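Below are the chains, spelled out letter by letter.
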Amino acid sequence: MEKVLTRRVGQPNSRSIETYVADGGYAGLRKVLASMTPDQVTEEVKKANVRGRGGAGFSAGVKWGFLPKDTKGKPIYLLCNADESEPGTFKDRLLMENDPHQLLEGMAIASYAIRCRTAYIYIRGEFYDGARILEKAVAEAYAKGFLGEKILGSDFSLDITVHRGAGAYICGEETGLIESIEGKRGQPRIKPPFPAVSGAFACPTIVNNVETLCCVKQVIDRGADWFMKLGRNEKNAGPKLYCISGQVQRPGVYEAAMGLPLKDLIFGADYAQGMKGGRKVKAVIPGGASAPMLTAAEIEDCPLDFDGVAAKGSMLGSAAIIVIDEDTCIVNVAQNLSKFFSHESCGQCTPCREGTPWLYKVLTRIEQGEGRMEDIDLLARICNQMANGMTICVFADAAIAPPLSSVTKFRQEYEYHVTHKRCMVGARAQLVTA
Amino acid sequence: MSHTRYHVEQAGQPRKFPAEAMARIEKILKRYPTKQAALLPVLWVAQETWGWISKEAAEEVARILDLPPSHVDGVLTFYTMFNLKPVGKNLLQVCTSISCHLGGAEGLIEHCGKKLGIGLEETTKDGKFTLVEVECIAGCDRAPSMMVNDKYYEPMDAKSLDALLERLARES
């Protein structure tokens, strides 16, 4: 597939507004301001079925449609979710560092569609470079009249502010993000009300991911019909960025039409080019740390799109594919992932606050050769008590994915760990820790 | 959530922002509908001004934004990137999340700690280096990834880390 979202990545001066405009940039914004009503833009995005690239896969156009027709004088806010914190995910960093104007144009088009005139980019605190690059791009866009008052001579005005987070995974959850931008601890809100009705500053708010907003710009440039043809079917379409990391030869961000077969991404000459050291695949996490693991058998015939990965009992999430080889201990992997969730739980709901460190503790015990056989079922029991509506947000559901899926699919490794007090595979299989 | 990592210390001098920092804060306030919304950006100004956020700096932020100091403390202890005690000139942040873990991050931390003679969350006696472990910093394709202050260094191994530490020691 011709590169769309990443076409300027790697080009000289790809960040500058001159490069962007020379490559047809801001033509989409010009087009919507000159010839489309806000509702027509929303209809086009709805028709293209741009599903949210941040993780949930919810249609952006439908989300916009939840905004009240009459806001009773309240402003509407657009928040770009650039918090990219899901382990394994690094696509938005690439987009922002290399092509910031594509995002700004996407935001301007989306803002026009939803009648927003104040938008924020909530960018994770660690992305100092990304924030500096975006701030420079915002200043350039103001100077050229693509942002600010009466954009390109129209009645549409828009302010964009880059807002830096400060280190909290949960701020990628949209209501956590809203709390954070209001200057609070980023603890997710009970829904309803949904942000489209009452979000930031108690006003109607739309939160969209960086890649999603870049897709919006492409839909306007090339049309919903073009977008819908990229993929297996119209529900899973468009250009998509895949982040692949772990024990592969060539990790990185690869752009392809939605639905790229998972095995092509891992083994394809144009993609990750197979496993390091020629080892075999043991497991693949297909959608970031929150997605249940797949076994080597399950990755056969798995299209990387929302419904394709869901059919395998996992999720595409943020399209962060983490590949784990046969010499890696699965208990060790689950322990590492549990450490992450235990560290990042916001602490608001008891099942999550207490459950995530408990999982980490039990997994550590097993990993260190001090586990008991009943610990394996204990893990599953803790998981079942944490998720499925026990908490305000889906963090707990994410946190249970690594232990639950690995216990279910690789139980023999857990049992080996308990019986032999060491890993079944890898360098530490030889070490006798007893 | 960082509440177990640091605690707010009774330290530091009464803190008034220098004029250029106040000018930045004035500009920031214009971008938000409420003063409270400027809290994170203003805390960043504080950290960039002093390198860490003392109790006194936090109270000055609370005063400027008309917020209860307890609210500012609550926010400060929620986010991991605010330094609630002084850190070394070079804050070494090594990612140990899954892809970096698979890429040998723990070995890198061990190597780094031995080289500098410090453990996690500790600072070298000369005040040049502080070593911390961080969760995923979106450098997974260049694992193991690390940051020194606001710059990424990736991928790292023992050799490139040694060279980096030597350069930073010379320069700071």
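About the cut-offs
- Residue positions are given per chain, counted from 1 along the sequence in the order it is written.
- As they are written, the chains are lettered A onward and the ligands numbered 1 onward, keeping that order.
- Residue-level local features of this predicted model are given only where pLDDT is at least 70; pairs of side-chain atoms are given and counted only at 80 or more, and the full residue set underlies all totals for whole chains, interfaces and linings.
- Put simply, DSSP H or I for four residues or longer makes a helix, DSSP E for two residues or longer makes a strand, and each gets a number counted from the N terminus.
- For the exposure call, what matters is how many other C-beta atoms sit within 10 Å of a residue's own: 20 or more marks it buried, 12 or fewer exposed, and in between partly exposed, using C-beta atoms placed from the backbone.
- A pair of residues counts as a contact when their C-beta atoms, built from backbone coordinates, are within 7 Å of each other.
- Our radius of gyration looks at C-alpha atoms and nothing else; its globule reference is 2.2 Å times the residue count to the power 0.38.
- Throughout, the ten residues Ala, Val, Leu, Ile, Met, Phe, Trp, Tyr, Cys and Pro are labelled nonpolar, Asp, Glu, Lys and Arg are labelled charged, and all others, Gly among them, are labelled polar.
- DSSP calls a pair of strands paired once it identifies at least 2 bridges connecting them.
- A clockwise course of the path from the first strand over the helix to the second, judged with the strands pointing away from the viewer, identifies a crossover as right-handed.
- Domains are outlined according to an automatic or database domain assignment.
- Throughout this description, the term nonpolar core refers to a group of buried Ala, Val, Leu, Ile, Met, Phe, Trp, Tyr and Cys residues whose C-beta atoms join them within 7 Å.
- An axis is simply a line fitted to the C-alpha atoms; with a helix, the fit covers only the stretch in contact. Between two such axes, the angle follows the N-to-C directions and lies from 0 to 180 degrees.
- Convention used here: angles under 35 degrees read as roughly parallel, angles over 145 as roughly antiparallel, angles from 65 to 115 as roughly perpendicular, and any remaining angle as oblique.
- Left-handed describes a crossing whose near helix is turned anticlockwise from the far helix through less than a right angle; right-handed describes the clockwise counterpart.

(A) Quick peek at the overall build of chain B. A tally of helices and strands in chain B yields seven helices and five strands. The order of helices and strands in chain B, counted from the N terminus, is α-α-α-α-β-α-α-β-β-β-β-α. Structurally, chain B occupies a C-alpha span of about 50 × 30 × 30 Å along its principal axes. With 172 residues in all, chain B has 40% of them scored as buried. Put simply, of all contacts in chain B between residues at least 6 apart along the chain, 63% involve residues at least 24 apart.

(B) Main features of the overall build of chain A. Counting secondary structure elements, chain A contains 17 helices and 13 strands. Against the 2.2 N^0.38 benchmark of 22 Å for 434 residues, chain A shows a C-alpha radius of gyration of 22 Å, consistent with a compact globule. With the C-alpha coordinates of chain A rotated into their principal frame, the extents come out at 75 × 45 × 35 Å. Taking as baseline every contact in chain A between residues at least 6 positions apart, the subset at least 24 positions apart corresponds to 70%.

(C) Up close: the interface of chain A and chain B. Counting residues at the interface gives 44 residues for chain A and 33 residues for chain B. Of all the elements in the fold, those that place two or more residues in the side of chain A that touches chain B are strand S3 (159-164), helix H8 (174-181), strand S7 (239-246), strand S8 (252-257) and helix H13 (330-344) of chain A. Residue contributions to the side of chain A that touches chain B peak at six residues, all from H13 of chain A. Of the residues that constitute the side of chain A that touches chain B, the class distribution is 17 nonpolar, 19 polar and eight charged.

(D) Focus on the environment of Ala 237 of chain A. Residues and elements named next belong to chain A. Mapped onto the fold, Ala 237 is located in strand S6 (residues 236-237). Along the chain, Ala 237 and Met 258 lie 21 residues apart, while their C-alpha atoms are 5.2 Å from each other. Setting aside its immediate chain neighbours within four residues, Ala 237 contacts Asn 49, Phe 227, Met 228, Leu 230, Gly 231 and Met 258.

(E) Spotlight on the environment of Gln 11 of chain A. Checked against the element boundaries, Gln 11 of chain A lands in the segment before helix H1 (17-22). In this structure the C-alpha to C-alpha distance between Gln 11 of chain A and Asp 99 of chain A, which are 88 residues apart in sequence, comes to 9.7 Å.

(F) Representation of the pairing of S3 of chain A within the structure. All names here are of chain A. Pairing of strand S2 (residues 118-123) with S3, which is carried by six bridges, proceeds in the parallel orientation. Note that in S3 the partner of Ile 121 across the bridge is Val 162. One crossover worth recording links S2 to the parallel S3 by way of helix H7 (residues 128-143), and it is right-handed.

(G) Local environment of the domain arrangement of chain A. Residue and element names in this part refer to chain A. Taken domain by domain, chain A comprises domain 1 (17-229), domain 2 (242-325) and domain 3 (330-429). A straight line from the C-alpha centre of domain 2 to that of domain 3 covers 22 Å. Every contact between the two is made by nine residues of domain 2 and, on the other side, ten residues of domain 3. Across the side of domain 2 that touches domain 3, the residue classes tally to six nonpolar, two polar and one charged.

(H) Spatial organisation of the sheet that holds S7 of chain A. All names here are of chain A. What the five strands build is an open sheet, ordered S8-S7-S13-S10-S11; its pairing is mixed. Bordering the open sheet on either side are S8 and strand S11 (294-295), each of which pairs with just one other strand. When strand S10 (residues 281-285) meets strand S13 (residues 320-325), the two strands line up antiparallel, connected through four bridges. Directly across from Ala 283, in S13, lies its bridge partner Ile 324.

(I) Looking closely at the nonpolar core. Residue and element names in this part refer to chain A. By size, the foremost hydrophobic cluster in this structure holds 190 residues, and its most contacted members are Leu 79, Cys 80, Tyr 242, Leu 265 and Val 284. At nine residues, the largest contribution of residues to this core is made by helix H6 (residues 100-114). Sequence-distant contacts of Cys 80, defined by excluding residues within four places in its chain, comprise Leu 103, Met 107, Ala 119, Tyr 120, Ile 121, Tyr 122, Asn 208, Val 210 and Leu 213.

(J) Structural detail: the packing of H6 of chain A against H7 of chain A. Residues and elements named next belong to chain A. With their axes 9 Å apart at the nearest point, H6 and H7 run at an angle of 60° to one another. Classified by the interaxial angle, the pair formed by H6 and H7 is oblique. Considering how the two elements wind past one another, H6 and H7 form a crossing that is right-handed. Of the residues in H7, those touching H6 at Pro 100, His 101 and Leu 104 are Ile 133, Leu 134, Ala 137, Val 138 and Ala 141. In terms of residue class, the contact of H6 with H7 is built from seven nonpolar, one polar and no charged.

(K) Representation of the sheet that holds S3 of chain A in the model. Residues and elements named next belong to chain A. Pairing within the open sheet is parallel, and its four strands lie in the order S3-S2-S1-S4. The strands lining the two open edges of the sheet, one partner per strand, are S3 and strand S4 (205-209). In this sheet, adjacent strand axes meet at a mean angle of 20° when their direction is disregarded. Against the sheet, H7 engages S2 and S3, with an angle of about 165° to S3. On the sheet, helix H9 (residues 210-222) packs against strand S1 (77-82) and S4 and is oriented at approximately 90° with respect to S4.

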